[in-house]
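A structural walkthrough
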Amino acid sequence: SFDVRFDIARPPEASATPARLDDVAGKSVLIVDDNSTNRRIMEELLAQMGMVTTSVASGAAALHLIEQRWQDGSPFSLMLLDAHMPEMDGFTVAEKLRNHPAHAVITVMMLTSGGQSRNAARCRDLGMAAYLVKPVRQSELRKAILAAMGMVADQDPTAADRPASVRPSKPLRILLAEDNLINQKLAVSLLEKRNHSVVIAENGIQAIAAWEHQQFDLALFDVQMPGMDGLEATRTIRHREQVQGGHLPIIAMTAAAMTTDRDRCFEAGMDWYVSKPFRAAELWQAIDRMGLDGSTPQAPETAPLNVESEPIEIESRFDVDNRNAETPDSATLDWSAALANVGGDEALLRELTTIFLSESPQWMDAIEQAMCDGDAATLRLTAHKLKGSLETLAARVAAASARDLELSARQGITTSDHLLQALQQRMQQLAPLLRAGPTA
């Protein structure tokens, strides 16, 4: 036996508990870990968030249960997967899971006791929503789950209840470098609600030209753009600032979830980052931390782990081809999540939907042409653009298909006809839902 002395707990109103845990209450989560103590700890933490947990001790048991739940029409929403297990490790489970239709609606998070770069690379290749190194703090786990599932963990318990458009903010002149029309429209709309003025650049080359001839308080740079990406544009600006003086605060907009990708942004000279699809609250927090209102800027070294929800496209069951499996409308398109992405602005969401319905046929044509031409670079960029737009609209199943094409092109593969067919099918399923618009 032993005695432990604790400080008196703070009252609930002073707690730093994220304010939006109700968003995941009732969600089903599968915990896969061969360590019984780890499973019990995770069960308790997730139960406190209101999630419904199921635990298994092996990868084989996890795959069997996922198949069973899919057959029953009640797939898991989230899976916490231990990397190091006997017989079948977490990476093998994730690889097999890529061949099952249920994974298009399951968010997968990897937990590992080792932080080797090769683990991060494998997670990235498998399209993991998050890669966390154990031991994981309770607050970090909560933030990671909320972000991975397309939600925002507010630090201020009352922040989620305050309309972003009426919160005080110093008007800024902002340079936005983004080639995706939907992301452009979303960012401009959110920024103008705070009385900021925005100049748009389609790529890094245009961004540098704008910076050379105009004065800006802040820049938002997409990491992946044609011609010159945000990383190279930032390096160029930082190099010239060494001669000219000054410092332009630059926030990266990145679809990468791994810590190594975040570090690449900082190494290029960026001051902070937001993960895409970015949300209103996350964008405001990123801008506020720049200290442009006279407060002290927060250094990158104090950055919490941030993750992005990037579902993985699934082409077939574990052993049997099943690309034509039907997916529920609620999984195909999540209007509530899409509305949260645009700060609750239904008119803006309808406008983005209209833009997508107009632009997406051209993107699909470009994808098909790139595959015919064997043009992996164009295929990767176009699939990336389509994926980003689909994620903003919370069309996660179609986004998963676009992501698989992007990953294939990144490896130089342009003959993935089955991936194209899966994307075409899911875009066809999505179109009537988008035309119908949000339901009351």
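Analysis parameters
- Residues numbered from 1 in each chain as written.
- Predicted model: local features only at pLDDT ≥ 70, side-chain atom pairs only at ≥ 80, totals over all residues.
- Heavy atoms only, no water.
- Pairing = 2+ DSSP bridges.
- Helix = DSSP H or I, 4+ residues; strand = E, 2+ residues; numbered from the N terminus.
- Axes fitted to C-alpha atoms, helices over the stretch in contact; angles between N-to-C directions.
- Patch = residues over 30% accessible without salt bridge, like charges linked within 9 Å, V, L, I, M, F, W, Y side chains within 5 Å.
- Areas by Shrake-Rupley, 256 points an atom, 1.4 Å probe, with all protein chains shown as cover.
- Salt bridge = Lys/Arg side-chain N within 4 Å of Asp/Glu carboxyl O.
- Parallel < 35°, antiparallel > 145°, perpendicular 65-115°, else oblique.
- Left-handed = near helix turned anticlockwise from the far one by under 90°.
- Contact = heavy atoms within 4.5 Å.
- Nonpolar A, V, L, I, M, F, W, Y, C, P; charged D, E, K, R; others polar.
- Core = buried A, V, L, I, M, F, W, Y, C linked by side-chain atoms within 4.5 Å.
- Buried < 20%, exposed > 50% of the residue type's maximum accessible area, 1.4 Å probe, protein only.
- Expected span 1.5 Å × (residues − 1).
- Arc of directions from axis to C-beta.
- Polar contact = N/O pair within 3.5 Å; in protein donor to acceptor, adjacent residues only side chain to side chain.
- 1 Å grid on protein atoms, 1.4 Å probe; cavity = no way out; pocket = protein on both sides within 12 Å on 5 of 7 lines; lining within 4 Å.
- Points joined across faces, edges and corners; volume = space filled by probe spheres on them.
- Right-handed = clockwise from strand over helix to strand, strands pointing away.

Concerning the sheet that holds strand β6 (residues 173-177)
- If you walk across this open sheet you meet the 5 strands as β7-β6-β8-β9-β10, and the pairing is parallel. Only two strands of the sheet have a single neighbouring strand rather than two, namely β7 (197-201) and β10 (272-275). Across this sheet, the average inter-strand angle for adjacent strands is 20°, counted without regard to direction.

So, a nonpolar patch on the surface
- Taken together, Phe2, Val4 and Phe6 make up a surface patch of nonpolar side chains, about 410 Å² in accessible area.
- Relative to the helices and strands, Phe6 is located in the segment before β1 (28-32).

Quick look at the packing of helix α13 (residues 346-373) against helix α14 (residues 376-392)
- With their axes 9 Å apart at the nearest point, α13 and α14 run at an angle of 155° to one another. Regarding the angle of α13 to α14, the classification is roughly antiparallel. Between α13 and α14 the crossing geometry is left-handed. Contacts between α13 and α14 involve Leu352, Phe356, Trp363, Met364, Ala366, Ile367, Ala370 and Met371 on the former and, on the latter, Thr378, Leu379, Thr382, Ala383, Lys385, Leu386, Ser389, Leu390 and Thr392.
- Partitioning the contact of α13 with α14 into residue classes produces 12 nonpolar, 4 polar and 1 charged.

Some words on the sheet that holds strand β3 (residues 78-82)
- The 5 strands are arranged β2-β1-β3-β4-β5 in an open sheet whose pairing can be described as parallel. Two strands lie at the open edges of the sheet, namely β2 (52-56) and β5 (130-133), each paired on one side alone. Looking at each pair of strands side by side, their axes are set apart by 20° on average, direction ignored.
- In this fold helix α5 (residues 138-148) packs onto β3, β4 (107-112) and β5, with an angle of close to 150° to the strand it touches most, β4.

Details of the nonpolar core
- Ranked by internal contacts, the top residues of the largest apolar core, which has 81 residues, are Leu175, Phe221, Ile251, Phe356, Ile367, Leu386 and Leu390.
- Ranked by residue count, the leading element in this core is α13, at 10 residues.
- The contacts of Leu175, once residues within four sequence positions are left out, are Val199, Ala201, Ala207, Ala210, Trp211, Phe216, Leu218, Ala219, Leu220 and Phe221.
- Counting residues in hydrophobic clusters, the runner-up holds 26 residues, among them Val56, Leu63, Trp70 and Leu81.

Structural notes on helix α1 (residues 36-48)
- If you check α1, its first and last C-alpha atoms are 19 Å apart, about what 13 residues at 1.5 Å a residue would give, namely 18 Å.
- Within the sequence span of α1, burial applies to Arg39, Met42, Leu45 and Leu46. Taken down its axis, α1 places every buried residue within 130° of arc, on the same side.
- Elements that come into contact with the buried residues of α1 comprise β1, β2, β3, β4 and α5.
- Where α1 begins, the side chain of Asn35 points an oxygen toward the backbone nitrogen of Asn38, at a separation of 3.0 Å.
- Positive phi shows up at Gly50, right after α1, with a value of about 85°.

Remarks on unusual backbone geometry
- Backbone geometry at Glu87 places phi at a positive 70°, although glycine is not the residue there.
- Structurally, Glu87 is set in the loop between β3 and α3 (90-97).
- Phi is positive for Asn195, which is not a glycine, with a value near 70°.
- Structurally, Asn195 can be placed in the loop between α6 (181-192) and β7.

As for empty space enclosed by the protein
- Within this structure, the stated rule accounts for 5 cavities of 30 Å³ or more.
- In this structure, the largest cavity spans a volume of roughly 100 Å³.
- Considering the residues around the largest cavity, the lining is formed by 15 residues, among which Asn180, Asp222, Lys276, His384 and Lys385 are closest to the centre.
- With 6 residues, α14 is the single largest residue contributor to the lining of the largest cavity.
- Each residue belonging to the lining of the largest cavity can be placed in one class, and the counts come to 2 nonpolar, 5 polar and 8 charged.

Thoughts on the environment of Arg264
- Along the chain, Arg264 turns up in helix α9 (residues 259-268).
- Residue Arg264 is classed as partly exposed on the basis of its relative accessible area of 41%.
- Counting along the chain gives 33 residues from Arg264 to Leu231, while the straight-line C-alpha distance between them is 8.1 Å.

Some remarks on the pairing of strand β9 (residues 250-254)
- Of all the 5 residues making up β9, 5 are buried; the element is thus mostly covered by neighbouring parts of the structure.
- The alternating pattern of β9 places Ile250, Ala252 and Thr254 on one face and Ile251 and Met253 on the opposite face, and all of these are buried.
- You can see the chain leave strand β8 (residues 218-222), run along helix α8 (residues 230-244) and come back into β9, and the turn it takes is right-handed.
- Here β9 pairs with β10 via 4 bridges, running parallel.

Points about the packing of helix α15 (residues 396-410) against helix α16 (residues 417-436)
- Packing of α15 against α16 leaves a shortest axis separation of 9 Å and a crossing angle of 155°. Our classification of the angle between α15 and α16 gives roughly antiparallel. Two packed elements cross with a definite hand, and for α15 against α16 that hand is left-handed. Counting all contacts with α15, which are made through Val397, Ala398, Ser401, Ala402, Asp404, Leu405 and Ser408, the residues of α16 involved are Leu419, Leu420, Ala422, Leu423, Arg426, Met427 and Leu430.
- The residue makeup of the contact of α15 with α16, split by class, is 10 nonpolar, 2 polar and 2 charged.

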